[in-house]
Every structure is written in structure tokens, then in C-alpha cells.
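# Fold and contact review
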Amino acid sequence: MLESVADIFNTGAKYVIPLLLCGIPFYGLVVKKVKVYEVFVDGAQEGFTIAVRIIPFLVAMLVAIGMFRASGMLDLLLVTLAPVLQLINFPPENLLLALMRPLSGSGSFGLLADLVEQYGPDSLTAKIGATMFGSTETTFYVLAVYFGSVGVKKIRYALFAGLMADLVGIFSAVYICQLLFA
Amino acid sequence: MLNYIWFAIILLSVIAGTVTGKIDAVTEAAIASAETAVELSIGLIGIMALWLGIMKIAEESGLVDLIAKVVKPITLKLFPDVPPDHPAIGSIVLNMSANILGLGNAATPLGLKAMQELQEINPNKDTATDAMCMFLAINTSSVQLLLPATVVGLMGTSSSQVFLSTILATGLSTTTGIIAAKVLAKMKRFSLPSPAQE
């Protein structure tokens, strides 16, 4: 039952993009008589400006994150936090992924791939990891890109709200998986 | 706020790099990351152009307004400062839909479009509005319903189990993001406009 529902969703997902790429111009041209080619080109023009505007924000953020990852600070945190987390039943194997997730998408995906390889996709460790990966975002990157694209420098409470959501997502992943799959 | 966090990350990295003897790697990472940032931004141009083009068609044909109208009861609650007929609402909804479907590539351009439209009604151009913070709180909490193809590839037959646990965890994290944004917006230290903010 569960498998088939997920299957239907995932097969359907393959058609979403083609459907959008075809359906929106169809509606525009056939139903509303919009000059779809001309309007498309008009809209596409903005892509360049926005991408270029993001650059300084992304440089600032990624340099700080890159230094942080290379410094071994995550390993130090790992050693410091591990005993505390054992108390609350948080599996130490998943800690590095949890710490990496808000910082780097490719980095955390690499860690997830590593967990799957080491423990197998059927292991609780891998399932917790995949759930963590799916239920949180690369908060720092998203904030830099989104605020950067409009030149907003004072982001007020956006980072706190995002990190709080990440924290809850990570702990939910651990406990929900332990409850469902252990 | 970001000033302190940004500096703290760099300072901690240099201290930790010195302690762990990885200071060379820290230097290299700083330079390599700067290059990566530019490559990532430039790499966005194509996909941005594609979706912004399609979005423009959706806008001109009235599709965006239509969608905005349908979800009005929800968006009115989440984004009370944004006029319900404003184009930003349509873009926000499309961005969230793309996220829910796991279409990360389409979600970013749509989200950036939403940010631009929110910026139009922002009186302080360098400061985030409550609507922007709420939008990003939802966004960074990951409103994903479908697992990304990469994760499905990795997890194989376990995917359907993870599909379930992810929906539950995502529900909790997104709810937290929304509540956090609502509560923090009312706090004095984040009030708008505040020239004392760094």
C-alpha cells in the first residue's frame, strides 16, 4: 500500500516539469492568446541580472562555510556533543550529517551517501539520515541567495526561524524513525 | 546580527584550523569557495532564464492571479502585510508547489521572483520584511513532499518508508518555522524599522 502510493507519486513527479513547460504556454497561447515566445524571452532576460546580483552574497556565505568545514570545527563539535547526545538517544553516526545539513547541500548529500554505503539503505542509520536530509534545508545557502537576489542585507530573524525549523526537523527525523522503523 | 554570525564562523574556523593543524586547508577552502560561489551563481543563469520565462507567460495569461486567488485564505494569514492580489502571492505559491513536488531546480527561480515582488512593497530596501522572513522560514524548513530523485536513487526500496518519515518530520519542521517567524516578528529586538539593528 505504502509502496504503491510512493511509487505513484514518484512516477508522477517525472511528468511534472514537462507538463508545466507545455501546459503553461498552452494555456497562454490557446486560451488567452498571449504571445508566448515574445513573453518568454522577455521574462528570461531577468535571469542574468538576478544571477549576477547574487554573487557577492554567495561569496561571503560560501567562503565562511568553506573555511568552517575545512577547519575541523565539525569534528571538534562531534567529540564535544557526542556524550550529551547519547543521553537523549541521538545516534552519533547521524550527528555529522545533522551539523552539515544547514551549511552545505552537496556536503550533506555526500555524508548521506556515505551512511548508506556504510550501513546499507535498510539500516535505521540510513533511514534517519535520509529523513533528516529531506526534512531540512541548506538554510545558510538559501538565505544568502534569496536575500542576495534583492540586495537585502539586514535579515532580522530569518536565520533564527530557519535554524529553529532545522533543529526540529533533525530531532523529528531521529525520533520518528526510531518510533517507526526500530 | 548576520555581521556577528558571519564573523564568528570565520573566527572559529581560523582558531579551530590552528588547533587541529588544518590551517592550510582553511586558506585553500576560502579561496576555492569564493570560486565555487561565482560558478554556482553563473550556473544559475540558464535555469533562471528558463523558469522566469515560463513564469512570465503564466503571469501574462492570468494563471498566477488565478492560483493566488485559490489560496487566498491561507496566504492572508501567513502574509498579512502583502495585499492578497499582489503578484508576489502567486510566485510564493508556485515556489512552494515546486518545493513540495521536489523540483528544486524550478523552485529557486520562482522563489527569487517572489522575493523581487516582495521587495517592491518593501519600504526599507536593505531590510527584510516580515513577509520575506515568513517566506524564507517556510522555505528553509523544506516543505518537500516528494523525495528528491537523488535520495530515491540512494535509498532504493527503503524510499517508501523514508517517504513517510520525511513527510512527518517536514510537517513538524515547517510548523516550527511558521510559529517561530510569527513569534519572532513580535519581539522588540526585531521590530521594524529599527536603525539600531546592525
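Everything quoted here is computed from the prediction, not taken from an experiment.

## Some details on the overall build of chain A
What chain A contains, in helices and strands, is 9 helices and 0 strands. Mapped from its N terminus to its C terminus, chain A presents α and β elements in the order α-α-α-α-α-α-α-α-α. For 182 residues, the compact-globule formula gives about 16 Å, and the C-alpha radius of gyration of chain A, at 21 Å, lies well above that figure. Over its C-alpha atoms, taken along the principal directions, chain A stretches across nearly 65 × 45 × 30 Å. Excluding contacts between residues fewer than 6 apart, the proportion of contacts in chain A whose partners are at least 24 apart in sequence is 66%.

## Considering the interface of chain A and chain B
Of the residues lining the interface, 92 residues belong to chain A; the matching set on chain B comes to 94 residues. At the level of secondary structure, the elements contributing two or more residues to the side of chain A that touches chain B comprise helix H1 (2–31), helix H2 (36–44), helix H3 (46–70), helix H4 (73–87), helix H6 (105–119), helix H7 (124–135), helix H8 (139–148) and helix H9 (158–181) of chain A. With 20 residues, H3 of chain A is the largest single contributor of residues to the side of chain A that touches chain B. Looking at the side of chain A that touches chain B residue by residue, the classes come out as 63 nonpolar, 17 polar and 12 charged.

## What about the domain arrangement of chain A?
According to the domain assignment, chain A contains domain 1 (1–44) and domain 2 (47–181). Using C-alpha coordinates to define each centre, domain 1 of chain A is positioned 31 Å away from domain 2 of chain A.

## Things to note about unusual backbone geometry
Residues and elements named next belong to chain A. Of note in the backbone geometry, Asn89 takes a positive phi value of approximately 70° without being a glycine. Within the secondary structure, Asn89 is located in the loop between H4 and helix H5 (95–100). Residue classification places Asn89 among the exposed positions, given that 9 C-beta atoms sit within 10 Å. Even without being a glycine, Arg156 presents a positive backbone phi close to 50°. Overall, Arg156 belongs to the buried group, with 26 C-beta atoms counted inside 10 Å.

## A few points about the nonpolar core
One finds Leu143, Ala158 and Ala161 of chain A together with Cys133 and Ala137 of chain B to be the most contacted residues of the largest nonpolar core, which totals 117 residues. Excluding anything up to four places from it in sequence, Ala158 of chain A contacts Leu143 of chain A together with Ala128, Cys133, Leu136 and Ala137 of chain B.

## Focus: the domain arrangement of chain B
Looking at chain B, the domain boundaries give domain 1 (1–49) and domain 2 (62–190). The straight-line distance from the C-alpha centre of domain 1 of chain B to that of domain 2 of chain B is 26 Å.

## So, the packing of H7 of chain A against helix H9 (residues 159–186) of chain B
Their axes nearest at 8 Å, the elements H7 of chain A and H9 of chain B cross at an angle of 45°. With respect to their mutual orientation, H7 of chain A and H9 of chain B come out oblique. The hand of the H7 of chain A/H9 of chain B crossing is right-handed. Residue-level contacts link Lys127, Ala130, Thr131, Gly134 and Ser135 of chain A of H7 of chain A to Gln161, Val162, Ser165, Thr166, Ala169, Thr170 and Ser173 of chain B of H9 of chain B.

Conventions and cut-offs
Residues numbered from 1 in each chain as written. Chains lettered and ligands numbered in written order. Predicted model: local features only at pLDDT ≥ 70, side-chain atom pairs only at ≥ 80, totals over all residues. Helix = DSSP H or I, 4+ residues; strand = E, 2+ residues; numbered from the N terminus. Rg over C-alpha atoms; globule rule 2.2 N^0.38 Å. Contact = placed C-beta atoms within 7 Å. Nonpolar A, V, L, I, M, F, W, Y, C, P; charged D, E, K, R; others polar. Domains from an automatic or database assignment. Buried ≥ 20, exposed ≤ 12 C-beta atoms within 10 Å, placed from the backbone. Core = buried A, V, L, I, M, F, W, Y, C linked by C-beta atoms within 7 Å. Axes fitted to C-alpha atoms, helices over the stretch in contact; angles between N-to-C directions. Parallel < 35°, antiparallel > 145°, perpendicular 65-115°, else oblique. Left-handed = near helix turned anticlockwise from the far one by under 90°.

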